[in-house]
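# Descriptive structure summary
The primary structure of each chain is shown beneath.
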Amino acid sequence: MKPAAVIHDQIATLAHEAGFSKAGIAPIPSPGEEADYPELGHFEPWIGLGYAGEMEYLKRRDEANRLLRSSLRIAVPWARSVIVCAANYNADAPKSIDPAPAESAWIARYAWTGQDSGQPSDYHDVLLARLKKLEQSLQQALGPFLSRCYVDTGPLVERIYAKYAGIGWIGKNTCIIDQKLGSWLFLGVILTGLELPSTDPIQVPEDRCGSCTRCIDACPTGALVAPYEMDASLCIGYLTIEKRGSIPEPLRSQMGRQVFGCDICQDVCPWNRRAPVSGDEELAVRPDLVNPALSWLAELDAESFRKLFRQSPVQRAKLGGLLRNVAIAMGNSGLEEYLPKLREWAAGSDPVLAEAAQWALARSEGASGLPGETWEL
Ligand code: B12
Ligand code: SF4
Ligand code: SF4
């Protein structure tokens, strides 16, 4: 094996060539050594507290009833080290917290890509193609080895390995933050069967949150229940993307205009103020998805949804989920112009959408200052 520094430089160079902004190596702690990554110990209690909501994939266990994601030694026993790569997706575009027209919705920044160019442009596909390129270069440089690439879907808590690979610290908003790049970073991992030398402990980034609590203070639903701790079942990212069926009523008025994901706890983060704009052509922003009109999204049908969000993470919410979120945002807007659409939905055959629209109508009724007014449904 070559000296650690040479391997690091080689991997960093090849990762850059493959299109990543940053890369590093995290060894996988041996059984009994998991305490070396104390964050792994938080996973089981986190699941126990019900913070994963209905995200059943996070709760998967092996035959011995061990949570797969609590350790890579359990989930992928042959793996010995993780190469973690990060791609900057910061765009020169408005923030979710900037003043915006009352008629506009918010789609999270990570889903602004997805042009129907024939090329993969959902970040999952873009990063996976880059990881595979890097994997191939490494196989050539280091000789054949067991490996597997994942973006988002692997059985691991990527951010813990990202920290120990030197990508960034885990902020109080639970995101990985790099001092220069900020937190608008996608992560991708290559699990390897190689005992690659770890990133020098000195390079494990220092926590630079200090006494700041902006993200916790700004979270509309109180999902950041404590520093570094999220009750994901309260997070607007979960409610608008992962949650099927109805969204719990007390949370709806806190969702504001967010119809897909949420960027608030990153938009308020001082480390994102001077973060460089990405300039990554494959992750280029579709301007039509920045502050889109609620009325435009409300008119989507199965065909136009499929066309608009082909190659886009928005597909995950499905049309029914997106329209449910739009109905809630319309209710939160307090604008009377949405009443006809809400009445139409309230009388429609999709029970989840109908119920969300009824809630939005009742909320608009309160906001219009016309208590007692009834609408024909
Ligand atoms: C499930 C999931 C979600 C869930 C839950 C989020 C969450 N915080 O867990 C929901 C749907 C809410 C979500 C939202 C978002 N997600 Co998401 N998500 C994931 C996924 C698939 C798993 C994360 C996971 O395992 N969570 C479980 C909990 C337990 O982990 P955790 O919050 O990271 O908590 C650990 C640490 O906080 C740690 N910890 C560290 N220090 C300390 C200190 C103390 C005292 C304590 C108690 C704990 C603690 O302990 C915890 C347990 O190990 C990952 C991909 C992956 N495979 O890892 C992407 C991932 C985390 N998401 C990502 C993104 C981009 C987002 C959104 C920005 C999308 C959006 N705009 O809506 C938001 C960000 C919200 C936020 N503030 O985190 C990126 C994050 C990149 C980054 N820079 O950090 C990832 C890595 C996907 C990727 N490959 O790029 N996501
Ligand atoms: S993404 Fe939004 S709802 Fe989720 S923790 Fe951050 S601010 Fe709160
Ligand atoms: S807003 Fe403040 S506390 Fe939250 S992640 Fe950023 S620096 Fe840390």
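Residues numbered from 1 in each chain as written. Chains lettered and ligands numbered in written order. Predicted model: local features only at pLDDT ≥ 70, side-chain atom pairs only at ≥ 80, totals over all residues.

An ideal rise of 1.5 Å per residue puts 22 Å on 16 residues; helix H12 (residues 318-333) measures up with 23 Å between its terminal C-alpha atoms. Of all 16 residues in H12, 13 are buried; the element is thus mostly enclosed. Positive backbone phi, at 70°, marks Gly-334, one or two positions downstream of H12. (Helix = DSSP H or I, 4+ residues; strand = E, 2+ residues; numbered from the N terminus. Expected span 1.5 Å × (residues − 1). Buried ≥ 20, exposed ≤ 12 C-beta atoms within 10 Å, placed from the backbone.)

This paragraph deals with the nonpolar core. Formed by 105 residues in total, the largest nonpolar core has its most connected members in Val-84, Ile-107, Tyr-161, Val-189, Val-326 and Ala-327. When residues of this core are assigned to their parent elements, the largest contribution, seven residues, is made by H12. Of the domains in this structure, domain 1 (4-90 + 119-203) and domain 2 (214-367) are the two that each give at least three residues to this core. Discounting chain neighbours no more than four positions away, the residues touching Val-326 are Ala-105, Val-259, Leu-294, Leu-297 and Ala-298. (Core = buried A, V, L, I, M, F, W, Y, C linked by C-beta atoms within 7 Å. Domains from an automatic or database assignment. Contact = placed C-beta atoms within 7 Å.)

Glancing now at the site of ligand 3. Residues in close proximity to ligand 3 include Gly-171, Lys-172, Asn-173, Cys-209, Cys-212, Thr-213, Arg-214, Cys-215, Val-268, Cys-269, Pro-270 and Trp-271, which together make up its full environment. A class-by-class count of the residues in the shell around ligand 3 yields seven nonpolar, three polar and two charged. (Near = placed C-beta within 6 Å. Nonpolar A, V, L, I, M, F, W, Y, C, P; charged D, E, K, R; others polar.)

Attention now moves to the site of ligand 1. If you check the shell around ligand 1, you find 38 residues, and the closest are His-42, Ala-108, Glu-158, Gly-237 and Gly-261. Put simply, the parts of the chain that give the shell around ligand 1 at least two residues each are helix H2 (43-48), helix H5 (158-164), strand S7 (185-192), strand S9 (229-230) and helix H7 (236-242). No other element matches the four residues that H7 contributes to the shell around ligand 1. Tallied by class, the residues present in the shell around ligand 1 amount to 24 nonpolar, seven polar and seven charged.

Turning next to the sheet that holds strand S1 (residues 22-27). Across a sheet, strands are paired by hydrogen bonds formed along the backbone, either parallel or antiparallel in direction. The antiparallel open sheet is built from four strands, whose spatial order is S1-S2-S7-S4. Each edge of the sheet is formed by a strand with only one pairing partner; in this case those strands are S1 and strand S4 (147-150). Strand-to-strand twist in this sheet, taken as the mean axis angle between neighbours without regard to direction, amounts to 20°. The pairing of strand S2 (residues 81-88) with S7 spans eight bridges and is antiparallel. Within S7, the position partnered with Cys-85 by the bridge is Gly-188. Docked against the sheet, helix H4 (residues 123-142) engages S2, S4 and S7, running at close to 40° with respect to S7. (Pairing = 2+ DSSP bridges. Axes fitted to C-alpha atoms, helices over the stretch in contact; angles between N-to-C directions.)

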